[in-house]
Each structure stands twice: as structure tokens, then as C-alpha cells.
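One letter stands for each residue in the lines below.
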Amino acid sequence: MDGGAGEAWRWGAGARPGAGRGMCSATAAERAAGAALTSEELMRMERERSAHNYHPIPVVFSKGEGSHILDPEGNKYIDFLSAYSAVNQGHCHPKVLRALKEQAERLTLSSRAFYNDKFPIFAEYLTSMFGYEMMLPMNTGAEGVETAIKLVRKWGYEKKKIPKNEALIVSCCGCFHGRTLGVISMSCDNDATRGFGPLVPGHLKVDFGDTDGLEKIFKDHGERICGFLFEPIQGEAGVIIPPDGYLKAVRDLCSRHNILMIADEIQTGIARTGKMLACDWENIRPDVVILGKALGAGVVPVSAVLADKDIMLCIKPGEHGSTFGGNPLASAVAVASLKVVTDEGLVERAAKLGQEFRDQLQKVQQRFPQIIREVRGRGLLNAVDLSNEALSPASAYDICIKLKERGVLAKPTHDTIIRLAPPLSIRYVLCCFLYGCVSIIFLDNGQRPASAS
Ligand SMILES: Cc1ncc(COP(=O)(O)O)c(C=O)c1O
């Protein structure tokens, strides 16, 4: 294992420590050439060589197929995170890979300094599928959100005639929209913002689900507000579903105050919740929709902002862009990814399996009511909310470790919530694992829940 304090580096010809870029240890080069490493070695390398901006569950993905993952030792797991809902179509979907390979052999990047023969097809496919006049392509989700914010501000100045530099966007506490500076400036999460100031101004916050609060903000500041940005179901916050009628009420308030309704469907969109968009649960049409993640089926990053012409054409040539946004490789992959969703009936599948899954989870909850506070979700975006007091000193992370030992990969969100979101291609869902893990945690702790016979 290299990289340890005591191990000597071997430098390439002419290279020396501190000589800057281009250096690579022979060992690292050998490894890059494919020498087999164990999970332990790989995790240690990552810890030593990569920033510690994540706290992963200790398992190494080496191969993925559908909802299954193999680690380097050949251990098999079921994926219950789907790369935060980016692989709704399942890992390495053959039709998406075929599109990727065919396109990779023809053309990968034109930049939008020129046209290419795949992006227009993607643009037409996406806009027809979701019923918007236009789209703007980007790569990551956070870029999509940044794009939407810029677009909506531009609309605010050009169409709503908000005085220069005074536009405001309202967003919800607890919503997650990504990690760029502009995006974290809207966050109420101290971990996301602490130490990164100064933040970008121009934001107001309201509680998720609070229509009275939203109405008050709109009444007080409506002249300067250009948009309301929200997740229709809060994913990172722990699969928080708003009260019935919330989306309709938001639509109504936005229309009344001439404020654009901006739905971040990066995690909830593309069939995850048992509808194509989570906003479809209340049949409402936002003015702006942001998609990402499963738009590229986990194969390449693709994001897009959807809006009609009167909004989208507020951005003129030279005012916004991305070298890779709309590249032909991503465009071909995105079209293939969307076709898989339709051809394989993933919307209906997520709805049906999700209901079955929640029914099962609810049985586990009835068995351990003082440990599992709530089971909630829509489609295959679900969460179990655990009681801190009952679980302590264990945490949701410990349950996820136990799940992993039983071949199920899930990730906690916050200390007490486990999000369960398998690829929508999964054949069936069973939650006896969770049952077993809750029992094991309790036996480890020497406790026994009163209801457990
Ligand atoms: C709702 C939502 N918006 C935006 C993002 C950011 O996407 P990305 O990580 O691709 O930048 C995420 C990522 O988890 C998300 O869940």
C-alpha cells in the first residue's frame, strides 16, 4: 500500500518531489493500468488522496448491473440509494450504454460554438415529453439550479420590471439544491454554509409546506420577487412530503403575484416518485422545471432547465453557457435514458413497487413503533424516520452498516433517517433486512423493545 508516511515514492525519470504537475509514482501508474486492489486498499487510497468531503458507507462499487453492485472481492449488494436517484434506469442499462458507445465513436463534443446533430434531437425530445417550449442544457444538478436562478432573475428584470439588482428569490428551509456558492446561499443548513461566506444576496426563506408564510412574503415583497424555488418532495431533508394541496396553493400564489414557480425535480423527477414529475401528483405545471441526475441514467452528467419562450428567451447569446452543456454524447445518452423510462414503464413500476414497499415497511414500523417513528414516501423515494432516543447510542448510520453487512446499500440522511430509493428497475422489494437490522442493533445494545415478542 503506497502513500503511507513510511513508504518511499518512486519518481518517474527527471521528476523529483515538489517538481509540480506531471509527476506520478510508478506504483500509482501501475494501479492506473489496472492492478487489482482490495476494497480496503482502495478506501485507504481515497482517504489519503481525496478531500474528505463525504462520509461514505465502507463499501467499494466495482461493477453495477440493474439494481445490483459487486465489490472488488465479488460480494454482491442491492443498491437502495441509486446514486441519490441518478440511476433510476438501473446501473449500466444496456440501451443507454449502446447509445453511449455508438455516439462516443462518432463525436463527443462540439461545444455550442457550433451545432451538432444530437443536441437538437434531445431538446425536441425533452421539451415534447415534459410539455415546455424550450430547454437549456447543462451538466450537473447544481448548474441547472444556478441556470434557473439566473434565468428567473433575468425574467424579473426584463419582464416584471424589477429595479436593477433588487430581484429576490424565495426558497424553502430544508430544501437541497446543490453545493455551488449561489445555491448554498439559499440554504438554512449550517453545515452547507459555515466557513464559506460571504454568501450571495437576494434570497428570502420560508418553511416548506407553509402557504401562509409564503403568502405573507409574497404580499410584503412581491414587487421584487421573481421566483419561488422548491423541491416538490424534499429528498436530502429526509423525504419530506408537503401537506396535500401545497403544490396547488403555491401555483395559485405564484400566478396571483406574477412570480415564477421553479420546481427542482432533480431528485424527484423522471419517474422516481411514481409520476414523471413529482408536481404531477397535484397536476400542476411549474413555470420552470430543473432536471438532472436520471436524465443521464447515471452514465454521464446531464441537466436541463425547462421553460416556455417568454421566459427562456430572456437569456441572449453570450449571457450564459457551458462548454459541455448540450454535448452530443450527453444528448444521445439523455434521449436513450428517457426512452428507457417510457419503454419499461418505470413510472407505473415505481408507483406499484413503492406502494408494496411502504406496506411492508409499515409492518416493520408496527413491530418497532418506538424505534421507527414514521415510514413515508412516494413511489420509490421512501424513508424510515428513526427515534433518536430509542436508537441511541446507535444511529441511522449504524443501521446502514448492518444493512450493508446483509447486502443492502442505503445511506442515512441526517442522524435518524434512512432514505430507501432503489433503481426503478428493481424486480421486487423486501424489507425483512431492515427488520433484521433494527433487531440486531437492539440486541447489540442489550435492549429489547417492549412490543417485540
Ligand atoms: C433536489 C436536488 N437539487 C440539486 C441537486 C444537486 O445536483 P448535483 O449534485 O448533480 O449538482 C441535488 C443533488 O442531490 C438534489 O437532490
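Now for a look at the structure at hand. Only a predicted model underlies this, so the values are computations on that prediction, with no experimental measurement involved.

**Focus: the overall build of the protein chain**
Helix and strand counts for the protein chain come out as 16 helices and 15 strands. When each of the 453 residues of the protein chain is scored for burial, the buried share is 43%. Considering only contacts within the protein chain whose residues lie at least 6 apart along the sequence, 74% involve residues at least 24 apart.

**Focus: the site of the ligand**
Around the ligand lies a shell of 15 residues, among which Gly141, Ala142, Gly178, Ile266 and Gln267 are the nearest. A total of three residues in the shell around the ligand trace back to one element, the largest contributor, which is helix 6 (residues 141-158). Looking at the shell around the ligand residue by residue, the class counts come to five nonpolar, seven polar and three charged.

**Considerations on the packing of helix 5 (residues 119-130) against helix 12 (residues 328-343)**
Helix 12 packs onto helix 5 with a crossing angle of 35 degrees between their chain directions and a minimal axis gap of 8 Å. The hand of the helix 5/helix 12 crossing is left-handed. Where helix 5 approaches helix 12, its residues Phe119, Ile121, Phe122, Tyr125 and Met129 are matched on the opposing element by Pro328, Ser331, Ala334, Val335 and Leu338. When grouped by side-chain class, the residues that make up the contact of helix 5 with helix 12 number nine nonpolar, one polar and no charged.

**Considering the sheet that holds strand 12 (residues 381-386)**
Here four strands make up an open sheet; going across it, the order is 11-12-15-14 and the pairing antiparallel. Strands with a single pairing partner mark the edges of an open sheet, and in this sheet they are strand 11 (372-378) and strand 14 (411-413). Here the average twist between neighbouring strands, direction ignored, is 30 degrees. Direction of pairing for strand 12 relative to strand 15 (residues 417-420): antiparallel, over a ladder of four bridges. Bridged to valine 384 within strand 15 is isoleucine 418. Along the sheet, helix 13 (residues 346-367) makes contact with strand 11 and strand 12, crossing strand 11 at roughly 175 degrees.

**Focus: the nonpolar core**
Membership of the largest hydrophobic core comes to 115 residues, with the highest contact counts inside it found for Val152, Leu260, Val288, Ala304, Val305 and Val333. Of the residues forming this core, the biggest block, 10 residues, is contributed by helix 12. Formed jointly, this core draws a minimum of three residues from each of two domains, domain 1 (82-89 + 346-444) and domain 2 (94-343). Non-local contacts of leucine 260, meaning those with residues more than four positions away in its chain, are made with Val152, Trp155, Cys226, Gly227, Cys254, Asp287, Val288 and Ile311.

**Quick word on the sheet that holds strand 3 (residues 76-79)**
Pairing is mixed in the open sheet, where four strands are placed in the order 1-2-3-13. Because the sheet does not close on itself, it has two edges, and the strands there are strand 1 (63-65) and strand 13 (408-409). With three bridges joining them, strand 1 and strand 2 (residues 68-70) adopt antiparallel strand pairing. Looking at strand 2, one finds that lysine 63 is bridged to leucine 70.

**A closer look at the environment of glycine 178**
Tracing the backbone shows glycine 178 in the loop between strand 5 (168-173) and helix 7 (181-184). The spacing of glycine 178 and glycine 141 is 37 residues in sequence and 6.8 Å in space, taken between C-alpha atoms. If sequence neighbours within four positions are ignored, glycine 178 has contacts with Gly141, Ala142, Val145 and Val183.

**So, the pairing of strand 15**
Residues Ile417 and Arg419 point to one face of strand 15 and Ile418 and Leu420 to the other, with burial holding for every one of them. Pairing geometry for strand 14 and strand 15, over three bridges, is antiparallel. What sits directly across from threonine 413, in strand 15, is isoleucine 417. Here strand 14 hands over to strand 15 after three residues, with histidine 414 in that stretch at a positive phi of 60 degrees.

**Some details on the packing of helix 4 (residues 94-104) against helix 12**
Direction vectors running N to C along helix 4 and helix 12 enclose 160 degrees, while the axes themselves pass 8 Å from each other. Considered as vectors, helix 4 and helix 12 are oriented roughly antiparallel to each other. Relative to helix 12, the crossing made by helix 4 is right-handed. In this structure, helix 4 uses Lys95, Val96, Ala99, Leu100, Gln103 and Ala104 to contact helix 12, whose residues at the interface are Pro328, Leu329, Ala332, Val333, Ala336, Ser337 and Val340. A per-class count over the contact of helix 4 with helix 12 returns 10 nonpolar, two polar and one charged.

**A short note on helix 15 (residues 396-405)**
Three or four residues apart is the spacing at which side chains of an α-helix point the same way, because the helix has 3.6 residues per turn. When helix 15 is considered as a whole, its buried residues turn out to be Ala396, Ile399, Cys400, Lys402 and Leu403. The buried residues of helix 15 occupy an angular sector of 160 degrees when projected down its axis, which confines them to one face. Phi for glycine 407, located one or two positions after helix 15, is positive at around 85 degrees.

**Side note on the environment of glutamate 65**
Counting through the fold element by element, glutamate 65 comes out in strand 1. Not counting residues up to four positions away in its chain, the partners in contact with glutamate 65 are His91 and Cys92.

**Description of unusual backbone geometry**
Residue proline 198 follows glycine 197 across a cis peptide bond; omega there is 0 degrees. Here proline 198 lies in the loop between helix 8 (190-193) and strand 6 (203-207). Despite not being glycine, tyrosine 84 has its phi angle at roughly 55 degrees, a positive value. When you line up the elements, tyrosine 84 lands in helix 3 (residues 82-85). Non-glycine residue asparagine 165 carries a positive phi angle of around 60 degrees.

Rules used throughout
- Residues numbered from 1 in each chain as written.
- Predicted model: local features only at pLDDT ≥ 70, side-chain atom pairs only at ≥ 80, totals over all residues.
- Helix = DSSP H or I, 4+ residues; strand = E, 2+ residues; numbered from the N terminus.
- Buried ≥ 20, exposed ≤ 12 C-beta atoms within 10 Å, placed from the backbone.
- Contact = placed C-beta atoms within 7 Å.
- Near = placed C-beta within 6 Å.
- Nonpolar A, V, L, I, M, F, W, Y, C, P; charged D, E, K, R; others polar.
- Axes fitted to C-alpha atoms, helices over the stretch in contact; angles between N-to-C directions.
- Left-handed = near helix turned anticlockwise from the far one by under 90°.
- Pairing = 2+ DSSP bridges.
- Core = buried A, V, L, I, M, F, W, Y, C linked by C-beta atoms within 7 Å.
- Domains from an automatic or database assignment.
- Parallel < 35°, antiparallel > 145°, perpendicular 65-115°, else oblique.
- Arc of directions from axis to C-beta.

Purely geometric numbers; function is a separate question.
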